Amino acid sequence: MTTPLFDPYNAKLDEPWEQLAADRQGCPVAYSPHLDAVQISSYQGVKEFLAQHQDYTGTYSTLWPRTEPLPVDEQVFSSADQPRHTRQRKLFVRALSASRIATMRPFSEKLVNQLVDDIIEAGDTFALGPDFAMKVTAGHVAELLDIPEADRERFAYLSGLFERSTAGTGDDELIAQMDEWHRQLADVVAERRAAGEVDDDLITKLCFAEEDGDRLTELEVAALIRAMIRAGNTTTAATIINTVHALESHPEQKARYIGDIDGLTTSLVQEGLRYDGPVLGLWRRCSRDTSVAGHPLPAGQRVFTVTAAANHDPAVYDRADEFVVDRDWRNLPGHLSFGHGIHHCIGMNLAFLECEVALSTLYRRLPGLRLDEESTPVQAPGPVVRGWIGVRMRYDRDVLATGTKGD
Amino acid sequence: MANVVKVDHDLCSGTGHCAEIAPKLFSMSDRRAWPEERTTEQAEDTELAHRAADGCPWFAISVSDSTDNEENQ
């Protein structure tokens, strides 16, 4: 049995596609000493494993390779098992369904156009993450949660810390700030519960949701909201950034997209998620003896599913390592960037809306948009996140003088 | 055994898990899942329909015994 090459802790590659191809081909399900886990890297293998939710647990966390389960109140969404997971998820599905999220489009368009106005106001270069993508995602989550304007910036900053923490460096200052965030959020939850069932924001709804006469504990509500903010902000911002990075690295694809923004935005977002989605991979642990693609996995085995490798599997996609903006996604198997099975990303509809509005507005409104020459993007550290940090953009501001400002 | 399979389109987000689990019971169109018209019902269909309902990440599928509805009419 070949040993996997993928080594994201010690040698994370900006372009891991060849290395992932070697693992997928040579050892699609194999123990990795770099991860101290069984690494699954084929599309079928990842999908098969994720579908067998009764065979694994997320309670040891899907973001960090913990040796102990999370405290019970911290077990939310992907880190919760059934029946707890189903109970939590049922509280969110209506608020995040396709039909409900579609009603947010006017808010989304207004927010994104305002952010582009601010960029134009500020100058001819901007930081894609901090000045745009992170504000897009933070604005949407804050709207859903009804966070007061004054608190939104600090909220967004604290929620972004988790990305650095998955690198596993154990920075004390970082841990202190994350603790501050946990306390701040717990306070918000306590305030809303004390205020009574007067608003219909998501936090209030969660505070008063009942199941068999039981309400969620304040800690559980806080953990659910934290997971939602964390996932909603970081992953969607990374999707926007990574897709821009992919467009800017493939001039012929960018030209094709700019030639038909209306027709290609939906498939661009799908391809951005497939080609360079925000999740490199996730952790799980077998809860009983099972197998994947005939490879036995004993109870207690730690598993790492490599989403990025599965999404580049040539058994599923033609030209799998190429970025192609006009794939016919209606007739292709779905990529695994939202996962698969009962833990399928609950924020998918919101993520689609944000990415579609953000990317189309950016390329429609900023003429000559391109990477700034001095921009040297680097990858976020660790095995969980795929995300370009330090992407700086430039555009031809003088062309705008004739007045194409958003409505 | 006859049963009625419904998809709540306020919830369905079109991920296609149901059509993958039970391709003869569901089809995908317009980014939503649609239950297939069934003229005959078999026990295995009922089990498949329940598996699809359990596998739906948006809890959009309901399966009920059609005799319940007839009683209510």
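Anything mentioned here points back to the structure above.
What counts as what
Residues numbered from 1 in each chain as written. Chains lettered and ligands numbered in written order. Predicted model: local features only at pLDDT ≥ 70, side-chain atom pairs only at ≥ 80, totals over all residues. Heavy atoms only, no water. Contact = heavy atoms within 4.5 Å. Buried area = accessible area lost by both parts, 1.4 Å probe. Salt bridge = Lys/Arg side-chain N within 4 Å of Asp/Glu carboxyl O. Polar contact = N/O pair within 3.5 Å; in protein donor to acceptor, adjacent residues only side chain to side chain. Helix = DSSP H or I, 4+ residues; strand = E, 2+ residues; numbered from the N terminus. Nonpolar A, V, L, I, M, F, W, Y, C, P; charged D, E, K, R; others polar. Pairing = 2+ DSSP bridges. Axes fitted to C-alpha atoms, helices over the stretch in contact; angles between N-to-C directions. Parallel < 35°, antiparallel > 145°, perpendicular 65-115°, else oblique. Left-handed = near helix turned anticlockwise from the far one by under 90°. Phe/Tyr/Trp six-rings, centres within 6.5 Å; stacked < 30°, edge-to-face > 60°. Buried < 20%, exposed > 50% of the residue type's maximum accessible area, 1.4 Å probe, protein only. Lys NZ or Arg CZ within 6 Å of the ring centre and 35° of its normal. Core = buried A, V, L, I, M, F, W, Y, C linked by side-chain atoms within 4.5 Å.

1. Some details on the interface of chain A and chain B
In step 1: With 20 residues of chain A at the interface, the matching set in chain B holds 15 residues.
In step 2: For the chain A and chain B pair, buried surface summed over both sides reaches about 1,400 Å², with 58% attributable to carbon and sulfur atoms.
In step 3: When residues of chain A are sorted by the area they lose upon contact with chain B, Val93, Arg94 and Ser99 of chain A head the list and together hold 27% of the total.
In step 4: Put simply, chain A and chain B have two salt bridges between them.
In step 5: Between Asp8 of chain B and Arg94 of chain A there is a salt bridge, with the nearest N and O atoms lying 3.6 Å from each other.
In step 6: Where chain A packs against chain B, one counts eight residue pairs in polar contact (both at pLDDT 80 or more).
In step 7: Of all the elements in the fold, those that place two or more residues in the side of chain A that touches chain B are helix H3 (84-92), helix H4 (98-102) and helix H15 (348-365) of chain A.
In step 8: Taken together, the residues of the side of chain A that touches chain B break down into seven nonpolar, eight polar and five charged.

2. Examining the sheet that holds strand E2 (residues 37-40) of chain A
Residue and element names in this part refer to chain A.
In step 1: Read from one edge to the other, the open sheet built from five strands follows the order E1-E2-E10-E7-E3, with strand pairing classed as mixed. This sheet does not close on itself; its edge strands, each paired only once, are strand E1 (29-32) and strand E3 (56-57).
In step 2: Running at roughly 130° to strand E10 (residues 302-305), helix H2 (residues 43-51) makes contact with E2, E3, strand E7 (282-286) and E10 of the sheet.

3. Some remarks on the packing of helix H9 (residues 172-195) of chain A against helix H11 (residues 218-249) of chain A
All names here are of chain A.
In step 1: For the pair H9 and H11, the least separation of the axes is 9 Å and the interaxial angle reads 120°. In terms of orientation, H9 lies oblique with respect to H11. Of the two elements, H9 crosses H11, and the hand of that crossing is right-handed. In this structure, H9 uses Trp181, His182, Leu185, Ala186, Val189, Ala190 and Arg193 to contact H11, whose residues at the interface are Glu218, Val221, Ala222, Ile225, Arg226 and Ile229.
In step 2: Its residues assigned to classes, the contact of H9 with H11 comprises nine nonpolar, one polar and three charged.

4. Observations regarding the packing of aromatic side chains
In step 1: Applying the stated criterion to the full structure yields eleven aromatic pairs over all chains.
In step 2: Here the aromatic rings of Phe49 of chain A and Tyr56 of chain A are separated by 4.9 Å at their centres, their planes lie at 25°, and the arrangement is stacked. No difference in accessibility class separates Phe49 of chain A from Tyr56 of chain A, as the two residues are buried.
In step 3: Arranged with centres 5.4 Å apart and planes meeting at 75°, the rings of Phe338 of chain A and Phe352 of chain A form a pair that is edge-to-face. In this pair, Phe338 of chain A is assigned in the loop between helix H14 (307-310) and H15 and Phe352 of chain A in helix H15, connecting sequence segments 14 residues apart. Both residues of the pair, Phe338 of chain A and Phe352 of chain A, count as buried.
In step 4: Among the aromatic residues, ring-to-ring pairing joins Phe6, Trp283 and Phe304 of chain A into one connected group.
In step 5: The ring of Trp58 of chain B carries the charged tip of Arg89 of chain A above its face, separated from the ring centre by 5.3 Å.
In step 6: A cation sits over an aromatic face here: Arg274 of chain A above Tyr317 of chain A, 5.3 Å from the ring centre.

5. Observations concerning the nonpolar core
In step 1: Within the largest apolar cluster, 116 residues are counted, with the highest numbers of intra-cluster contacts made by Phe126, Phe132, Leu362 and Leu366 of chain A together with Phe26 and Ile61 of chain B.
In step 2: Looking at this core element by element, the count peaks at 14 residues for H11 of chain A.
In step 3: For Phe132 of chain A, the residues in contact, after removing those within four places along its chain, are Val112, Leu115, Val116, Ile119, Phe126, Ala127, Ile240, Ala358 and Leu362 of chain A.
In step 4: Grouped together as the second largest cluster of nonpolar side chains are 18 residues, Cys286, Ala310, Ala320 and Trp329 of chain A included.

6. Observations regarding the pairing of E7 of chain A
Side chains on a regular strand alternate between the two faces of the sheet.
Residue and element names in this part refer to chain A.
In step 1: A large share of E7 lies buried, amounting to four of its five residues.
In step 2: Where E3 lies against E7, two bridges are found, and the strand directions are antiparallel. Bridge pairing links Tyr56 to Cys286 in E7.
In step 3: Sheet topology places E7 next to E10; four bridges connect them, and they run antiparallel. By the bridge assignment for E10, Arg285 is matched with Arg302.

7. Looking at the sheet that holds strand E4 (residues 125-127) of chain A
Residue and element names in this part refer to chain A.
In step 1: Pairing within the open sheet is antiparallel, and its three strands lie in the order E4-E14-E11. Both outer strands of the open sheet, E4 and strand E11 (370-371), are each paired with one neighbouring strand and no more.
In step 2: In this structure, E4 lies alongside strand E14 (residues 392-394), joined through three bridges in antiparallel fashion. The partner of Thr125 across the bridge, within E14, is Arg394.

Such coordinate-based values are descriptive only and should not be taken to indicate function.
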